[in-house]
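Single-letter residue listing:
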Amino acid sequence: MSKDAVHAAQAATRTHEAQAAQTPADAGDAGYSKDLKARHVNMIAIGGAIGTGLLLGAGGRLHNAGPALALAYLVCGVFAFFVVRALGELVLYRPSSGSFVSYAREFLGEKGAYVAGWMYFLNWSTTGIADITAIALYTHYWSFFTSIPQWVLALIALAVVLAVNLISVKIFGEMEFWFAIIKVATIVGFMLISIFLLATQHKVGGHTPGLSVITDHGGLFPHGVMPVVLVMQGVIFAYAALELVGVAAGETAEPEKVVPRAVNSIMWRVGLFYVGSVVLLALLLPGSVYSADQSPFVTVLSKIGVPAAGDVMNLVVLTAAMSSLNSGLYSTGRILRSMAMAGSAPKFTARMNRSQVPYGGILLTCAVCVLGVGLNYLVPSQAFEIVLNVASLGIISTWVIIMVCHMIFVRRARAGLATRPHFQLKFSPVAEIATIVFLLVCLGMMWNDPDVGRKTVLLIPVIAVMLVAGWFGVRRRVSQTTDQELSELTK
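Counting starts from 1 at the beginning of each chain's written sequence and moves along it residue by residue. Where totals are concerned, whole chains, interfaces and linings use all residues; where local detail is concerned, this predicted model gives features only for residues with pLDDT of at least 70, and gives and counts side-chain atom pairs only at 80 or more. Calculation of side-chain values draws on the structure's entire complement of heavy atoms; hydrogens and water are dropped beforehand.

Asks: Account for the overall build of the chain, naming residues and giving values.
Replies: A count of helical and extended segments in the chain gives 20 helices and zero strands. Burial classes follow relative accessibility: with a 1.4 Å probe on protein chains only, a residue under 20% of its type's maximum area counts as buried, one over 50% as exposed, and anything between as partly exposed. Considering the chain as a whole, with its 491 residues, one finds that 58% of them fall into the buried category. Nonlocal contacts in the chain, meaning residues at least 24 apart in sequence, comprise 80% of its contacts between residues at least 6 apart. The Shrake-Rupley method, run with a 1.4 Å probe sphere, supplies the accessible areas, and residue values consider only the shown protein chains as cover. Split by element, the accessible area of the chain, about 19500 Å² in all, is 66% carbon and sulfur. Helix numbers and strand numbers start at the N terminus; a helix is a DSSP run of H or I with at least 4 residues, a strand a run of E with at least 2. In this analysis, two residues are considered to be in contact whenever any of their non-hydrogen atoms come within 4.5 Å of each other.

Asks: Can you lay out the packing of aromatic side chains for me, pointing to particular residues and giving the numbers?
Replies: Each pair of aromatic rings taken from Phe, Tyr and Trp, with Trp reduced to its six-membered ring, is defined by centres within 6.5 Å and is described as stacked if the planes are under 30 degrees apart, edge-to-face if over 60, and tilted in the remaining cases. Taken as a whole and judged by the stated rule, the model has 16 aromatic pairs. Between Tyr73 and Tyr239, the aromatic rings sit 6.4 Å apart at their centres with planes inclined by 80°, giving edge-to-face as the arrangement. In this pair, Tyr73 sits in helix H6 (residues 69-93) while Tyr239 sits in the loop between helix H12 (232-238) and helix H13 (244-248), placing the two residues 166 residues apart along the sequence. In this structure, Tyr73 and Tyr239 share a single accessibility class: buried.

Asks: Tell me what's going on with unusual backbone geometry, and back it up with residues and numbers.
Replies: The omega angle of the peptide bond from Ser428 to Pro429 is 5°, so this bond is cis rather than trans. Structurally, Pro429 can be placed in the loop between helix H18 (383-414) and helix H19 (430-445). Even without a glycine there, the phi angle at Gln201 is positive, about 60°. Relative to the helices and strands, Gln201 resides in the loop between helix H9 (169-200) and helix H10 (211-215). On the basis of relative accessible area, Gln201 is assigned to the partly exposed category, the value being 41%. Backbone geometry places Phe427, a non-glycine residue, at a positive phi of 65°. Tracing the backbone shows Phe427 in the loop between H18 and H19. Taking relative accessible area as the criterion, Phe427 reaches 68% and is therefore assigned exposed.

Asks: For the nonpolar core, give the residues involved together with the corresponding values.
Replies: We call a set of buried residues a nonpolar core when its members are Ala, Val, Leu, Ile, Met, Phe, Trp, Tyr or Cys and they connect through side-chain atoms within 4.5 Å of each other. Counting 161 residues, the largest nonpolar core has Tyr73, Trp118, Tyr239 and Trp399 as its most contacted members. The element that contributes the greatest number of residues to this core is helix H7 (residues 99-139), accounting for 21 residues. Discounting chain neighbours no more than four positions away, the residues touching Trp118 are Leu336, Met339, Ser344, Ala345, Pro346, Leu364 and Leu467.

Asks: An account of the packing of helix H8 (residues 150-167) against H9 is requested, with residue identities and associated values reported.
Replies: Convention adopted: a line fitted to C-alpha atoms gives each axis, helices being fitted over their contacting stretch, and angles between N-to-C directions are expressed from 0 to 180 degrees. One way to put it is that H8 packs onto H9 with a least axis distance of 5 Å and a crossing angle of 130°. By the angle class used here, H8 and H9 are oblique. On the side of H8, the interface is formed by Val164, Asn165 and Ile167, while H9 contributes Ile171, Phe172 and Met175. Throughout this entry, Asp, Glu, Lys and Arg are counted as charged residues, while Ala, Val, Leu, Ile, Met, Phe, Trp, Tyr, Cys and Pro are counted as nonpolar. The remaining residues, Gly among them, count as polar. Taken together, the residues of the contact of H8 with H9 sort by class into five nonpolar, one polar and no charged. Any angle that falls under 35 degrees is termed roughly parallel, while one over 145 is termed roughly antiparallel, one within 65 to 115 roughly perpendicular, and all others oblique.

Asks: For helix H5 (residues 58-65), give the residues involved together with the corresponding values.
Replies: For the α-helix, the turn length of 3.6 residues means that residues three or four positions removed from each other point alike. The element H5 is largely enclosed, with a buried count of six among its eight residues. Just downstream of H5, Gly66 is the residue with a positive phi angle, here 80°.

Asks: So, the state of the cysteines: which residues are in play, and what are the values?
Replies: Only a pair of cysteine sulfur atoms within 2.5 Å counts as a disulfide in this structure description. Evaluation of the coordinates by the stated rule reveals zero disulfides. Here Cys369 is not cross-linked by a disulfide; its sulfur's nearest cysteine counterpart is in Cys366, at 5.8 Å. Residue Cys369 is classed as buried on the basis of its relative accessible area of 0%.

Asks: Residue-level account of the layout of surface pockets, with values.
Replies: Space inside and on the surface of the protein is sampled on a 1 Å grid over the protein atoms alone, with a cavity defined as a set of points where a 1.4 Å probe fits but cannot get out and a pocket as an open set with protein on both sides within 12 Å along at least 5 of 7 lines; lining residues have an atom within 4 Å of a point. Grid points are joined across faces, edges and corners, and a volume is the space filled by probe spheres set on the points. Taken as a whole, the second largest pocket holds about 400 Å³ of empty space. Elements represented by at least two residues in the lining of the second largest pocket include exactly H7, helix H17 (359-378), H18 and helix H20 (453-489). The class makeup of the residues in the lining of the second largest pocket is 16 nonpolar, two polar and no charged.

Asks: Pulling in residues and values, what's your account of the environment of Gly372?
Replies: As for its position among the elements, Gly372 is in helix H17. Gly372 sits in the buried class, given a relative accessible area of 0%. Separated by 242 residues in the primary sequence, Gly372 and Ala130 have C-alpha atoms spaced 7.8 Å apart.

Asks: Please give an account of the side chain of Arg337 that cites residues and values.
Replies: Relative to the helices and strands, Arg337 is located in helix H16 (residues 309-342). Polar contacts, as used here, are pairs of N or O atoms within 3.5 Å; protein pairs need one atom able to donate a hydrogen and one able to accept it. Residues neighboring in sequence count only if both atoms are side-chain atoms. Polar contacts involving the side chain of Arg337 include one to the main-chain carbonyl oxygen of Ala350, which spans 3.0 Å.

Asks: How would you sum up the packing of H6 against H7? Please name residues and give values.
Replies: The geometry of a pair of packed helices is captured by two quantities: the angle between their axes and the separation between those axes. It is at 11 Å that the axes of H6 and H7 come closest, and there the two elements cross at 75°. With respect to H7, the axis of H6 lies roughly perpendicular. Listed contacts from H7 to Leu87, Leu90, Val91 and Tyr93 of H6 are Ser99, Phe100, Tyr103, Glu106 and Phe107. Here the residues of the contact of H6 with H7 sort into seven nonpolar, one polar and one charged.

Asks: Can you explain a nonpolar patch on the surface? Please cite residues and give values.
Replies: Taken together, the side chains of Leu71, Leu74, Leu220, Phe221 and Val225 define a hydrophobic patch exposed on the protein surface, amounting to about 400 Å² of accessible area. Locating Phe221 in the fold gives a position in the loop between H10 and helix H11 (226-230). Patch definition: residues with relative accessible area over 30% and no salt bridge; like charges joined within 9 Å; nonpolar side chains (Val, Leu, Ile, Met, Phe, Trp, Tyr) joined within 5 Å. The term salt bridge refers to a side-chain nitrogen of Lys or Arg lying within 4 Å of a carboxyl oxygen of Asp or Glu.

Asks: Which residues make up H16, and what values do they have?
Replies: Residue count minus one, scaled by 1.5 Å, sets the expected span of a helix. Counted at 1.5 Å a residue, the expected span for H16 with its 34 residues is 50 Å, and the 50 Å between its end C-alpha atoms agrees. With 30 of 34 residues buried, H16 lies mostly within the body of the structure. Gly343 sits one or two residues past H16 and shows a positive phi near 95°.

Asks: Got a sec to walk through the environment of Lys303? Specific residues and values, please.
Replies: Within the element layout of this structure, Lys303 appears in helix H15 (residues 296-303). Apart from the residues lying within four places of it in its own chain, the contact partners of Lys303 are Val204, Gly205, Leu285 and Val289.

Purely geometric numbers; function is a separate question.
Structure below.
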């Protein structure tokens with residue numbers, strides 16, 4: 001329902017009580033099974049916070065930025081927490097599987113929902129391509145698979161995760177639960193080993209672990225402050241998928257109990273897993289020893305002679321990529337269904353199977369991922385880098401839209417047009433404005449990377465033109481759907 005339609009329906013009620021009762025429902029929320037349990041949502045939150053950005057990407061970032069990378073993760077983590085806290089408040093106000101797209105429809109109108117939904121689709125469809133590419137690359141690590149073409153492995157991975165998503169939301173939740181368990185167990189195990197190495201002063205690759213590893217190799221900022229600033233746009237992408245909590249809340253029976261617990265736990269998990277791991281890595285080896293083409297955990301474990309460290313860690317990183325692909329298909333299926341019910345996405349994406357899974361949207365995302373299989377066939381060495389930067393545009397726009405929606409919601413609540421739940425983002429609108437500015441600065445910093453980042457920024461006007469053209473293609477259907485909803489609401 002559009003913003004204007006909501007206002008018209010509220011005006012027709014004439015009383016404040018009736019206005020409150022007219023909180024617009026998302027037609028796309030009907031038909032879901034509510035089978036996700038508290039443990040599923042909690043682990044989806046953890047799984048969203050821990051991915052290849054830490055397990056693999058931290059190595060190259062430590063090499064470029066040095067120990068101050070921990071500060072970059074901390075700063076980005078704070079803003080990521082603001083985003084997920086704002087989304088959590090909106091979820092408790094009105095749980096919806098359409099998540100921020102549904103809130104954009106209410107607070108920004110159909111155009112806002114249209115932009116939010118398709119930018120999120122851009123994010124996850126391109127992330128899906130990156131994930132299947134990563135899965136194929138990680139699988140090639142083992143000699144048994146090296147003879148299989150990269151594009152074949154990518155296609156197999158996509159088929160497996162698609163099958164899991166189409167069975168039922170409960171199977172998706174279980175798969176994500178165990179994926180997250182594997183990632184958490186790996187990081188906790190590594191941290192315990194690292195603490196033992198520090199306590200016993202056991203040499204790691206010829207270096208005695210401790211503060212001297214940092215002070216003797218350039219200090220906190222061995223290459224200056226600028227590399228730490230520039231690395232933040234990559235760190236932001238490492239936190240992508242935190243917003244899955246909002247989507248998953250639409251398929252849990254008790255969101256008012258589950259969501260606050262999951263959101264609040266994200267902050268300490270970010271501090272423990274991201275910041276804590278990077279601090280330990282910096283205390284064990286100089287930043288120059290780590291590299292972008294090897295997991296920093298493998299680097300440390302191989303230096304102390306742990307057998308099969310590379311095999312174990314490669315399996316974990318492979319799990320993280322599978323988890324990301326699984327989450328992407330899940331979330332875009334729900335988002336596209338919400339959009340289709342409003343008329344801004346193809347009609348077939350609103351379809352659900354007998355297991356109450358919106359298979360139309362999932363299949364559309366898979367269709368784009370199949371193009372990624374083609375990329376793996378044509379340019380296997382460049383496929384990952386090409387799509388990863390495009391996906392960053394989608395996640396930054398999604399987070400900005402969430403914060404704008406929250407600001408408007410708070411403004412309406414202060415005007416007496418809505419009621420804020422007890423679970424709130426504090427310091428509004430300062431927190432939202434600061435987050436939006438930070439995200440836009442991270443976007444602008446991509447310009448400093450002439451090889452990939454600058455080309456990504458130059459894609460923004462191209463995407464804008466495509467969005468405008470698409471809107472003119474769907475606006476009549478959106479208007480007809482809105483008029484129909486309005487007539488039913490005011491009967």
